[in-house]
Amino acid sequence: MALATTRADRPRSLIGFVWHSTVGKKAVMAATGLIMLAYLVAHMVGNLKIFFGAGEFNHYAHWLRTIGEPILHYEWFLWILRVALVVSVVLHGVAAYQLSRRDLAARPAKYERRRARTSYATRTMRWGGIILGLFIVWHILDLTTLTVNPRAEHGHPYENLVASFDRWYVNALYIAAMLALGLHIRHGFWSAAQTLGANSPRRDRVFKATANGLAALLTLGFVAVPIGVMTGIVS
């Protein structure tokens, strides 16, 4: 009993304290969100290379696997990046879920019956996160492991991408996910700025414009690829 009491009274570490606090969870969401946003911008720019032809796109895909050589071995950089992204996605999702549970538990009964006056993006943040999580799983199975892409061949990224977007239902899923991503970024970027204390009355307009611009840019940039395949610009 004394041992149990001692363990219960033991002070939390700094990491534990930050993680268990509401402010800490919001900070984790903001930081991981910015990490994923930086990756998305780089990923979109890389995807747009498909409009320059198979040689350019396949060369880019090969270059990604050789980053860091000779210090890093072949594909090590990609695996480090993948691990960092998985950790970010998991921390982001867990923090979002736990904050949502805390928010629901803190609401009085009357408030729960009242319809929240929030924007469409705010109301769909949770569902958008779930949609994006499921899409990430599909996207990995489709273009990384090539499990659900029957026409895919290892070592041919350009051809695999075209084969994937040559299916109408994949295009519909991808475009819907990118629209959800745009809404998620629009609200998430603004929330991250507030959480990290970067906003102010003078900078609010700039952050809102930046959030809208990033959301539009990424949505259009990602959607351009399946549209290019559907219209025959990319083939």
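Residues numbered from 1 in each chain as written. Predicted model: local features only at pLDDT ≥ 70, side-chain atom pairs only at ≥ 80, totals over all residues. Heavy atoms only, no water.

## Description of the overall build of the protein
Under the convention used in this document: The numbering of helices and of strands both runs from the N terminus, where a helix is a DSSP run of H or I of at least 4 residues and a strand a run of E of at least 2. Exposure classes here rest on a 1.4 Å probe applied to the protein chains alone. A residue is buried below 20% of its type maximum, exposed above 50%, and partly exposed in between. The contact criterion used is simple: two residues touch if any of their non-hydrogen atoms lie within 4.5 Å. Method for areas: the Shrake-Rupley scheme with a 1.4 Å probe, in which residue coverage is limited to the protein chains shown.
Within the protein one finds 11 helices and zero strands. Going from the N terminus to the C terminus, the protein shows its helices and strands as α-α-α-α-α-α-α-α-α-α-α. When burial is assessed residue by residue, the protein has 30% of its 235 residues classed as buried. Contacts in the protein between residues far apart in sequence, at least 24 positions, make up 67% of those at least 6 positions apart. For the protein, the accessible surface area stands at approximately 15,200 Å², while carbon and sulfur atoms represent 67% of it.

## Concerning the packing of helix 10 (residues 168-195) against helix 11 (residues 204-230)
Spelled out, the test is: Axes here mean lines fitted to C-alpha atoms, for a helix over just the part in contact, with angles spanning 0 to 180 degrees between N-to-C directions. For this classification, under 35 degrees means roughly parallel, over 145 means roughly antiparallel, 65 to 115 means roughly perpendicular, and everything else is oblique. Handedness of a helix crossing follows the sense of rotation of the near helix relative to the far helix, less than a right angle counterclockwise being left-handed and clockwise being right-handed.
In the contact formed by helix 10 and helix 11, the axes pass within 9 Å of each other and the chain directions differ by 165°. Overall, the two elements helix 10 and helix 11 adopt an arrangement that is roughly antiparallel. In this structure, helix 10 meets helix 11 at a crossing whose hand is right-handed.

## Quick notes on the packing of aromatic side chains
Spelled out, the test is: Classification of ring pairs rests on two measures: the distance between centres of Phe, Tyr or Trp rings, Trp counted by its six-membered ring, which must be within 6.5 Å, and the angle between planes, read as stacked under 30 degrees, edge-to-face over 60 and tilted in between.
Within the structure shown, the criterion is met by seven aromatic pairs. Between the aromatic rings of Phe 135 and Tyr 174, the centroid separation amounts to 5.6 Å while the plane-to-plane angle is 70°, which identifies the pairing as edge-to-face. Highlighted residues: Phe 135 in helix 8 (residues 125-143) and Tyr 174 in helix 10, separated in sequence by 39 residues. Just as Phe 135 is buried, Tyr 174 falls in that class too. With 4.8 Å between their ring centres and 75° between their planes, Phe 165 and Tyr 174 make a pair best called edge-to-face.

## Details of empty space enclosed by the protein
The test is simple: We place a 1 Å grid over just the protein atoms. Points where a 1.4 Å probe fits but has no way out form a cavity, open points with protein on both sides within 12 Å along at least 5 of 7 lines form a pocket, and any residue with an atom within 4 Å of a point lines it. Grid points are joined across faces, edges and corners, and a volume is the space filled by probe spheres set on the points. Residue classes follow a fixed rule: Ala, Val, Leu, Ile, Met, Phe, Trp, Tyr, Cys and Pro count as nonpolar, while Asp, Glu, Lys and Arg count as charged, and any other residue, Gly among them, counts as polar.
Evaluation of the coordinates by the stated rule reveals one cavity of 30 Å³ or more. Approximately 30 Å³ is the volume attributed to the largest cavity. Of all the elements in the fold, those that place two or more residues in the lining of the largest cavity are helix 8, helix 9 (157-165) and helix 10. No other element matches the five residues that helix 8 contributes to the lining of the largest cavity. Among the residues forming the lining of the largest cavity, the class breakdown is six nonpolar, two polar and one charged.

## A closer look at the environment of Leu 134
Turning to its location among the elements, Leu 134 is positioned in helix 8. When the C-alpha atoms of Leu 134 and Ala 177 are compared, they prove to be 9.3 Å apart, with 43 residues separating the residues in sequence.

## Quick word on the pattern of salt bridges
Filter applied, for reference: We define a salt bridge as a contact between a side-chain nitrogen of Lys or Arg and a carboxyl oxygen of Asp or Glu at a distance within 4 Å.
The tally for this structure, following the rule as stated, stands at four salt bridges. Glu 56 is paired through a salt bridge with Lys 49; the nearest N and O atoms lie 3.7 Å apart. With relative accessibility at 26%, the residue Lys 49 sits in the partly exposed group. Arg 167 is paired through a salt bridge with Asp 142; the nearest N and O atoms lie 2.9 Å apart. Taken together, the residues Arg 167 in the loop between helix 9 and helix 10 and Asp 142 in helix 8 connect sequence positions 25 residues apart. Asp 142 gets classed as buried once you look at its relative accessible area, which sits at 2%.

## Description of the confidence of the model for the protein
The test is simple: Here pLDDT means the predictor's own confidence in every residue, given as a number from 0 to 100.
Put simply, the protein has an average pLDDT of 85, and 86% of its residues get 70 or more. The least confident element of the protein is helix 6 (residues 109-113), whose mean pLDDT is 49; the most confident is helix 4 (residues 54-66), at 96. With pLDDT under 50 throughout, residues 111-117 is counted as low confidence; its partners more than four residues away or in other chains account for two contacts.

## Regarding helix 9
Helix 9 sits mainly inside the fold: seven of its nine residues count as buried. Those residues of helix 9 that sit buried are Tyr 158, Asn 160, Leu 161, Val 162, Ala 163, Ser 164 and Phe 165. Considering only its buried residues, helix 9 is in contact with helix 4, helix 8, helix 10 and helix 11.

## So, the side chain of Asn 160
Note that Asn 160 resides in helix 9. Here Asn 160 falls in the buried class, since its relative accessible area comes to 5%. If we skip the residues at most four places from it in the chain, Asn 160 touches Leu 143, Leu 146, Asn 149, Arg 151, Ala 152 and Glu 153.

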